[in-house]
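Geometric and topological summary
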6 protein chains.
Amino acid sequence: MVYLTRKAEFSASHVYHNPAFSAEENLRVFGKCNNPNGHGHNYTLEVTVKGPIDATTGFVVDLKELKEVMHREVLDNMDHRFLNKEVAEFSGPQALIPTTENLAIVIWQRLAPKLKVAQLHRVRIYETPDLFADCYGEV
Amino acid sequence: MVYLTRKAEFSASHVYHNPAFSAEENLRVFGKCNNPNGHGHNYTLEVTVKGPIDATTGFVVDLKELKEVMHREVLDNMDHRFLNKEVAEFSGPQALIPTTENLAIVIWQRLAPKLKVAQLHRVRIYETPDLFADCYGEV
Amino acid sequence: MVYLTRKAEFSASHVYHNPAFSAEENLRVFGKCNNPNGHGHNYTLEVTVKGPIDATTGFVVDLKELKEVMHREVLDNMDHRFLNKEVAEFSGPQALIPTTENLAIVIWQRLAPKLKVAQLHRVRIYETPDLFADCYGEV
Amino acid sequence: MVYLTRKAEFSASHVYHNPAFSAEENLRVFGKCNNPNGHGHNYTLEVTVKGPIDATTGFVVDLKELKEVMHREVLDNMDHRFLNKEVAEFSGPQALIPTTENLAIVIWQRLAPKLKVAQLHRVRIYETPDLFADCYGEV
Amino acid sequence: MVYLTRKAEFSASHVYHNPAFSAEENLRVFGKCNNPNGHGHNYTLEVTVKGPIDATTGFVVDLKELKEVMHREVLDNMDHRFLNKEVAEFSGPQALIPTTENLAIVIWQRLAPKLKVAQLHRVRIYETPDLFADCYGEV
Amino acid sequence: MVYLTRKAEFSASHVYHNPAFSAEENLRVFGKCNNPNGHGHNYTLEVTVKGPIDATTGFVVDLKELKEVMHREVLDNMDHRFLNKEVAEFSGPQALIPTTENLAIVIWQRLAPKLKVAQLHRVRIYETPDLFADCYGEV
């Protein structure tokens, strides 16, 4: 059993705002992140899969396939986007607030059903080098 | 003569768009950066000053003053902002396109007249860990 | 269930010395770290909390509160200090030796009872980029 | 119970090739990594041991001993080497393909029986800053 | 006048050997780097160009063009290669020894004549995070 | 003409204090750095030498010699030391205040006369990842 982790980066903007809060409450809770114009980050995504090693290749997972899934399910949709306006889970009437925590969960939910052979173990997302969230799919 | 460099980080969003270009030309020249909703980055700013060392303090520049100038002239105005909408040089009819290159020049122009004692030597701005621009105030 | 990690840095000096050892034994066991004048490091602290996401904020923990606790319980007391002389757990007759391992445990013990809402999951402390210790509160 | 991690770096070259595959299959599965001349990496190795803290030293493990074991069992044999030609597990008729995953397992198998006092917890090996494998000795 | 720097990475292997030296002299001068099987590195290349900013784009250089030149002239030929066997300047009877210094010069000579609009200012190449060479085209 | 840079790290402690200042003035000018017990840092030293490439070795400078000079002249004397008490330039009646700026100059003065073949071009010293000083030997 080995765990393999692949990093990727994407750039996106977001705003923290809860429509059920008053303007004052939004500002108090979210501070500068409540700026309605949005602001942005270079996000670093780490995807960890686990499984036994295929003796014929030495791989837990074919990296080309892993990268292809990461691009199709996450990066193609989130890179160079305003998360609150262009990403389904963070827009519309049931929108989640695009915090680092919610991004970790959303990316887990997108990747977990699409990975074949290897099993998703952890999604880690850095919003800045000093702040990151991990999701292991626990409920 | 010694050169002292201080780093700071800020998060902002931007869009690349030239109103004199057609939609097709904007997309061809700027690609994903032309998304009108904007996208964002964790910018890293490095400010380098040069000068002789003050024998009574061992400093080229008082770091508290340098940090205060960097915050007042740059970070307070650009951090957690959409550059095209909220920063003077990148909004309005004479707006510059907020590329890494133009950011380096704008930050130089803001800092150079405000530094006392030490002389501004270089402004370096990273848009991502793999891309940065330097301005030495050359014309 | 999501895990959120916040990094912070502090600078401190320390010395490794066991008064129950002879001078020769101290030098043999601790080498250069036994220099009685002390030497120092830029420590990097990573604090990980875990918990469910608050649906109204998207947060596992209010970052402002987490940072406030980290400063009050750890950084305000350890930053720019000589650990053996100025930090309670590492000075006095019952002093622990301020190794990376003991720092991880001491910081865990300071933070765990003070965190509300979210639960402390891990304290990681880097003494240098090449050496770090983790404490999960296991006994 | 505390976990201590030590990093070390080594430079090596390798090639991915399965003699049971056709030339076409090798190229399809391994891509550029199938170049028979080999190519190389700066590997970063992280070794994590766990155990209680020795009250007389404040150490989970004597770092001098840990470094000595890491050098003798791994670095002296792999640094500045072509893994497929000069490292036993990756050469000869029973050779493993020197993927990041297999390196993690091989290093675990070399270190686990040689560590005294502390217990090996994890071997992490980075092939590049964006790709790493973890082995916890699970079977 | 602004300077723009783009980073890229490639993996390659090499060996240091001067056929005019005796075996003993090669070993004495080049140490572990004289291993005839080769060993490898993750090289980081930084290419800096300088020039005025194009007012219609905000660019010193079109990044797509810069990346295309870097790939065509350097990365496509050196990535996942054994420099002494597969790269013209480092193989054959007039071969240079593929040191970090010579790599910087060779990459300068490949890029300088191919860049349009902007002017090549500096080629920096890291062999490891702790060792790098700079070439400014000085003779 | 090529520039070669080698990094090295050392850990030291220091205090900022000018005996000609009053206690209040020392505290006002130096803040937390005025703690008489000292505090410490992981310093990163970058030494850059320049020169033509030796055609028989491909080197600007023999790295073994460069490292030997860096250890003998700087690291052996400063690593794991309290700079104000154990390093000549920062102790005694003519002591300089061990700021990052003064460290850069002192290290330049120690290295410049000892380097053979290649010429010292720059000494860079990081006190933290966010603060560094450069000395080019200018007067």
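Structure first, text after, so check above.
Here's what I pulled together on the structure shown here. Note that the structure is a prediction, hence the values are computed from the model and not measured.

1. Observations concerning the relation of the copies chain A and chain B
With an RMSD of 0.0 Å, chain A superimposes on chain B once it is rotated by 180° and translated 0.0 Å along the axis. Classification of the inter-copy transformation places it as that of a two-fold axis. Every residue of chain A has its C-alpha some distance from the rotation axis, and the shortest such distance is that of A:Gly40, at 1.7 Å. A high fraction, 100%, of the interface residues of chain A reappear at the interface in chain B, so the copies pair face to face through one surface.

2. Quick look at the interface of chain A and chain B
Listed by partner, the interface residues are 22 residues for chain A and 22 residues for chain B. Carbon and sulfur atoms supply 44% of the area buried between chain A and chain B, which totals about 1700 Å² over both sides. Connecting chain A to chain B are two salt bridges. Elements that contribute at least two residues to the side of chain A that touches chain B include exactly strand E1 (2-14), strand E2 (39-51), strand E3 (81-82), helix H3 (83-86) and strand E4 (119-128) of chain A. Of the residues in the side of chain A that touches chain B, the class split is four nonpolar, eleven polar and seven charged.

3. Points about the pairing of E4(A)
Residues and elements named next belong to chain A. Most of E4 sits inside the fold, with eight of its ten residues counted as buried. Pairing analysis gives seven bridges linking E2 to E4, with the strands arranged antiparallel. The partner of Leu-45 across the bridge, within E4, is Ile-125. Summarising the sheet, E4 and strand E5 (residues 131-135) pair through five bridges and their orientation is antiparallel. Within E5, the position partnered with Arg-124 by the bridge is Asp-134.

4. So, a negative patch on the surface
A grouping of A:Glu9, B:Asp130, D:Asp130 and E:Glu9 is seen on the molecular surface, where their side chains present a negatively charged patch. Along the chain, D:Asp130 turns up in the loop between strand E4 (119-128) and strand E5 (131-135). Judged by relative accessible area, D:Asp130 falls into the partly exposed class, the value being 35%.

5. Topic: helix H1 (residues 23-30) of chain D
Taken residue by residue, H1(D) has D:Asn26, D:Val29 and D:Phe30 as its buried positions. Viewed end-on, H1(D) has its buried residues packed into an arc of 80°, placing them on one side of the element. Seen from the open side of H1(D), the exposed residues pointing more than 90 degrees away from its buried face are D:Glu24, D:Leu27 and D:Arg28. Buried residues along H1(D) sit in contact with helix H2 (63-78) of chain A. Residue D:Gly31 follows H1(D) closely and has a positive phi angle near 55°.

6. As for the side chain of B:Thr99
By the element assignment, B:Thr99 lies in the loop between helix H3 (83-86) and helix H4 (100-111). Setting aside chain neighbours within four positions, we find B:Thr99 in contact with B:Tyr16, E:Thr57, E:Gly58 and E:Phe59.

7. Remarks on the pattern of salt bridges
All chains considered together, the criterion is met by 60 salt bridges over all chains. Between B:Arg72 and B:Glu68 there is a salt bridge, with its nearest N and O atoms 2.9 Å apart. Taken together, the residues span about one helical turn, with B:Arg72 and B:Glu68 both in helix H2 (residues 63-78) at a distance of four residues. The class of B:Glu68 is partly exposed, set by a relative accessible area of 40%. With a closest N to O distance of 3.3 Å, D:Glu46 and D:Arg122 form a salt bridge. Of this pair, D:Glu46 sits in strand E2 (residues 39-51) while D:Arg122 is found in strand E4, placing the two residues 76 residues apart along the sequence. Judged by relative accessible area, which is 4%, D:Glu46 ranks as buried. A relative accessible area of 8% places D:Arg122 in the buried class. A single network of salt bridges, built from pairs that share partners, joins A:Lys7, A:Glu46, A:Arg122, A:Arg124 and A:Asp134.

8. Details of the relation of the copies chain A and chain D
By a simple turn and slide, chain A fits onto chain D: the slide is 0.0 Å along the axis, the RMSD is 0.0 Å, and the turn is 120°. Such values leave the two copies arranged in the relation of a three-fold axis. Considering only C-alpha atoms, the residue of chain A closest to the rotation axis is A:Pro129, which sits at 8.3 Å.

9. Thoughts on unusual backbone geometry
One non-glycine residue, D:His80, lies in the positive phi region at around 60°. With respect to the helices, strands and loops of the structure, D:His80 is situated in the loop between helix H2 (63-78) and strand E3 (81-82).

10. Observations regarding the interface of chain A and chain D
Taken together, the contact pairs 17 residues of chain A with 19 residues of chain D. Here chain A and chain D share an interface that buries about 1700 Å² over both sides, 56% of which is from carbon and sulfur atoms. On the surface where chain A and chain D come into contact, there are zero salt bridges. There are ten residue pairs in polar contact (both at pLDDT 80 or more) connecting chain A and chain D. By residue number, the principal contributor to the side of chain A that touches chain D is E1(A), which donates six residues. Considering only residue class, the side of chain A that touches chain D consists of nine nonpolar, four polar and four charged.

What counts and how
- Positions within a chain are numbered from 1, following the residues in the order the chain's sequence is written.
- All chains are assigned letters beginning with A, and all ligands numbers beginning with 1, in the order in which they are written.
- Reporting in this predicted model follows two pLDDT cut-offs: at least 70 for local features of residues, and 80 or more for side-chain atom pairs to be given and counted; totals over whole chains, interfaces and linings ignore these cut-offs and use all residues.
- Hydrogens and water are ignored here; the side-chain numbers use all heavy atoms of the structure.
- Superposition of the copies used a least-squares fit over C-alpha atoms from residues whose pLDDT is at least 70 in both.
- Residue contacts are counted whenever heavy atoms from the two residues lie within 4.5 Å of one another.
- Summed over both partners, buried area is the accessible surface (1.4 Å probe) that two parts give up on being assembled.
- Salt bridge, as applied in this entry: a Lys or Arg side-chain nitrogen positioned within 4 Å of an Asp or Glu carboxyl oxygen.
- Secondary structure elements follow DSSP: runs of H or I of four or more residues count as helices, runs of E of two or more count as strands, with numbering from the N terminus.
- As a working rule, the residues Ala, Val, Leu, Ile, Met, Phe, Trp, Tyr, Cys and Pro are called nonpolar, Asp, Glu, Lys and Arg charged, and the rest polar, with Gly in that last group.
- Categorising residues by exposure relies on relative accessible area from a 1.4 Å probe, with only protein chains included: less than 20% of the type maximum marks a residue as buried, more than 50% marks it as exposed, and the intermediate range marks it as partly exposed.
- Pairing between two strands is assigned when DSSP locates at least 2 bridges connecting them.
- Patches here are clusters of residues that have more than 30% relative accessible area and form no salt bridge, with a 9 Å joining cutoff for like charges and a 5 Å cutoff for nonpolar side chains (Val, Leu, Ile, Met, Phe, Trp, Tyr).
- Accessibility throughout is a Shrake-Rupley quantity obtained with a 1.4 Å probe, and a residue counts as covered only by protein chains that appear here.
- Asp and Glu are treated as the negative residues and Lys and Arg as the positive ones, with His and the ends of the chain left uncounted.
- Every charge is mapped onto a representative atom, which is NZ of Lys, CZ of Arg, CG of Asp or CD of Glu.
- Throughout, the arc means the angular range of directions from the helix axis out to the C-beta atoms.
- Pairs of N or O atoms within 3.5 Å make up the polar contacts considered here, provided that, within protein, one atom can donate a hydrogen while the other can accept it, and that residues adjacent in sequence are counted only when both atoms are side-chain atoms.

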